[in-house]
Each structure stands twice: as C-alpha cells, then as structure tokens.
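# What the coordinates show
Spelled out from the first residue to the last, the chains are:
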Amino acid sequence: MRLLRRGRVLSATFGCNPNSSSLGVDVSFLLFGSLFASAVAVVLGTLLRRDAAK
Amino acid sequence: MRIARARAERFGGIVELRKPRALLQVDKALMRELGEPESPLWSLDPQGPLSAPTEVHVVLSRRCAAGCRGCYVDATPQGAALPFDEACRILDELAEMGVFHVALGGGEALELDHLFAVAEHARKRGITPNLTTSGLGLDAAAARRCAVFGQINVSVDGVGPAYAQARGFDGYAHAEKALRLLRAVKREVGINCVVSRSSFEHVPEVARLVRKLRLNELELLRFKPVGRGARLDEELTPEQARALYPMARRLILRHRIRVKLDCSFAPMVFWHRPSRAAAAFFGVQGCVGGDVLAAVQPEGGISGCSFTPATVEGSLRQAWPDAFGEFRGFVANAPEPCASCEYLALCRGGCRAVSAAHGAFAAPDPGCPRVQEHSRKRPLPIV
C-alpha cells in the first residue's frame, strides 16, 4: 500500500503590499524563528484542508 | 479562513486567502488535497520562474504637484499618465495571467480623475488594488471612496519639521490629516517611510505615529539614488545600514506594530544572520523583480521593477516566459561575495536598481554590509 504524503504550506506572506516601487516584507515574524514558522505552516495547512472540505 | 482562489505553479501552487489576507505557496500534494486540477507546470523543473507575477506595480503617472526633492519617478505637474482605457487593458491581461495584487502609485495617483475607476475595474477582474499616496488634497469624500482599496499607505518620511527636511516641502499636516480620514474608513492603512541618511534618526518618531493613529503597518523603504534622488547624497552610511534591522526589531517590540522592510533592504537584514527557514517561509527576500513582481510604467512599457527602465513593450503575457533574464539570472551567475554567501538564494544580491545606479546592474549591491567588508579586504592590484 502506498502511503500518501500530506501536503505542505511552503511559505506565507500576510497582507497586501501597497507600495508601487518595491515589495514590502514583514520582518516581525523573523523575531520568532524557524520553530514558529513550522508551527504556522502546520496550522495553515490544517485550516486550508478544513476550508476546502466545507 | 476563506480561500479566494488558487493558481498552479511549478512547485505546486499559490493560494490566495481572503481572510486573513495572505498568499500561501503550497506543494503539489496540498494542491491536490484542495481539489485543484493537475497542472502541466508540475512536470517542469520546480526552480523556474513563476507562471506570472503575484503582484504588479502600476505607476499610473509621473504627475504630481508636490515636487519632492528625491522623487524616484521624477514626477512633475505635467508628467505623463496612463490613460484609463490602457490601464483597463493592462488589468484585463493581468487578471488573465492570474495576478493577485496591483499596487497603484505614481506620481500622485489621487490627482488622476480615473484612479477610482481603475481600482474598481481591478476589483471586478478579481485583483486587489492597493495604493500609495502622499495624501495631499485628500478630503473626507475621497477617503470614503478609498474603501475600494486593499491596503493604503501614506508617504510620511518624518514627523513635523523632519517631513519637510526629507521631502523638500511642508506637507506633514496634510499627510496626518489624510491618515486620520482614511483610518476612519478602513483598518488597512499604514505609512511608507523612505529611510535616507538624513531621515534615519527620525524613523522612531514615525513609528510612534503609527501606534498613535492605530495604523496597521510601517513600511520602511530604502532611499535609492534614481530619478531626482540621483542628485542627492542620501544613501545610508555603512553604520546606518548595519543598524537598520536592529532598529526595526526594537520598533516592533517597543510599539507593538507591524514593520515591513522593502526588498532592497534584504542585505541589511541577512547580514544579521536571521533564521533562513523563517525568512524563506515568511517571504523575506531580496530582489524579486521580473519574477514575483513586475512594473507597468505610465508610458505603457513594462519593467521587472519600477526603478528600472521598461524592457517589454506590448503584451506582458506573451513576453513573460522569456523576459527579465537580467533579473532572474542573478543568483545563477552571482559574483563574489554573493556567490559564497549562505543567504544568496534569499537575498538575491540585494537591489538591482541600486547596483545599476552605481554603474553595474549585475554587480552585488554596494550597500550590502558583506559587500562593503569584502571590498575592504580585497588586496590592491599589483601595478
């Protein structure tokens, strides 16, 4: 039996960039490091699946 | 959470969320779990460029009465403007390509009679329009119409006298009034602040204003020596470049505000060696011109970034697969000290527009602390 791998969220950018000259990137999240990023990826993946299942 | 739409990419796809507003890159497996159809892109090398930009900057005009001394588009009261029909044609094409956001600016976009009609057309085509404005001339009626935009940022390069010092005219009272009017209409209102050598020390005052007016973000933009700014000696000193990211962290923690840095500040962030995994996940990266973003100039030409000259005329959709090689090829051909930098894939060599302004588009960003250290260490040539 083939084991199906769960899909992953690879990256997330929040909000919209209003600046018409460059891309603004949120550095607030860098304060929390890679463990926080992994946790956010799992939570977003779960919420996406739940939303799609509705 | 509400999914607005999804777009297939080589690595999987990009999912747009309406609430919270976000763009998520997901792998193929998750795209399948979400019920998205199989895409021919999934058989291609996942390292290639995106199928379309996620965001396009539309410089609606080079028209502005303010006359800021460092204006990067060299805007004047009689400057060129993108006609309404042409703006709609471009938005239609961007919608067909799957572009998610446009950032409307100028010049002063509010001076154009058709600004709101352009924004409403973008909405009709499923694109979120966002706006940068100086706020000059904005009244309560215009502020109410600004509800059509996603995020609106008002340019404020200093508070009180520091504003006039930075921009060359005294428009602070107008800018603060505009912020209050807009904030009364919507929550997604913030400040764009150009950080230059002389305005650097005043940035904390702007952060305090963001907190005081309960704005949702402070976006710090790097001064670039282009347009009228090319005549100014306002690039950050090496000490300021190193101090920028620690300052941003302090402002986040002290004022509990969201601070964004523009993509050209990537070298100043990565010099402090933040988590690469966190930076990649939250989209902290350097030049994404000609890939994640593109820019439409008021004359109708298209460039990889609004700071660089147009290289595409006509259809962006047709040109996209093979265009902007000068942007996309930097990482593969990076010279030292970028080539040996562990952050190269994220930083992408800093800002191409700044390198071009210093004479070499494909050279490492001369404002990068690592590049500056490398230059100091390099042995003198033997004569």
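Residues numbered from 1 in each chain as written. Chains lettered and ligands numbered in written order. Predicted model: local features only at pLDDT ≥ 70, side-chain atom pairs only at ≥ 80, totals over all residues.

### Focus: the overall build of chain A
Along its length, chain A carries one helix and two strands. When the helices and strands of chain A are read in sequence order from the N terminus, they spell out β-β-α. What you see for chain A is a C-alpha radius of gyration of 15 Å, clearly larger than the 10 Å of a compact globule of 54 residues, by over 25%. For chain A, the spread of C-alpha atoms along the three principal axes comes to 50 × 25 × 20 Å. Burial status across chain A gives 39% buried among its 54 residues. (Helix = DSSP H or I, 4+ residues; strand = E, 2+ residues; numbered from the N terminus. Rg over C-alpha atoms; globule rule 2.2 N^0.38 Å. Buried ≥ 20, exposed ≤ 12 C-beta atoms within 10 Å, placed from the backbone.)

### Considerations on the environment of Gly-229 of chain B
Residues and elements named next belong to chain B. In this structure, Gly-229 sits in the loop between strand E9 (217-222) and helix H8 (238-255). Sequence separation between Gly-229 and Gly-70 is 159 residues, and the spatial gap between their C-alpha atoms is 4.0 Å. Look past the residues within four positions of Gly-229 in its chain and what remains in contact with it is Gly-70, Tyr-72, Phe-223, Lys-224 and Glu-234. (Contact = placed C-beta atoms within 7 Å.)

### Describing the sheet that holds strand E2 (residues 12-19) of chain B
Where strands meet in a sheet, backbone hydrogen bonds hold them as pairs that are either parallel or antiparallel. Spatial strand order, E1(A)-E3(B)-E2(B)-E1(B): four strands in an open sheet with antiparallel pairing. Looking at which strands have only one partner, the edges of the open sheet turn out to be strand E1 (9-14) of chain A together with strand E1 (2-9) of chain B. Within the sheet, the average angular offset between the axes of one strand and its neighbour, ignoring direction, is 20 degrees. Those strands touched by helix H1 (residues 33-53) of chain A are E1 of chain A together with E1, E2 and strand E3 (22-27) of chain B, and its axis lies near 90 degrees from that of E1 of chain A. (Pairing = 2+ DSSP bridges. Axes fitted to C-alpha atoms, helices over the stretch in contact; angles between N-to-C directions.)

### Here's the deal with the confidence of the model for chain B
Looking at chain B, pLDDT values average 94 and 99% of them are 70 or higher. Overall fold confidence (pTM) sits at 0.94, and the ipTM for the predicted complex is 0.92. (pLDDT = per-residue confidence, 0-100.)

### Side note on the confidence of the model for chain A
Here chain A shows a mean pLDDT of 86. Residues at 70 or above account for 91%. The least confident element of chain A, judged by mean pLDDT, is strand E2 (residues 24-26) of chain A at 83; the most confident is E1 of chain A at 96.

### Some details on the domain arrangement of chain B
For chain B, the assigned domains are domain 1 (2-43) and domain 2 (55-329). Each of domain 1 of chain B and domain 2 of chain B has a C-alpha centre, and the two are 27 Å apart. (Domains from an automatic or database assignment.)

### Looking at the interface of chain A and chain B
Contact with chain A, which involves 39 residues of that partner, is made by 68 residues of chain B. The element best represented in the side of chain A that touches chain B is H1 of chain A, accounting for 12 residues. Class assignment of the residues belonging to the side of chain A that touches chain B gives a composition of 19 nonpolar, 14 polar and six charged. Relative to E3 of chain B, E1 of chain A runs antiparallel, the two being bridged by five bridges. Its bridge partner lying in E3 of chain B, Val-9 of chain A is registered against Val-26 of chain B. (Nonpolar A, V, L, I, M, F, W, Y, C, P; charged D, E, K, R; others polar.)

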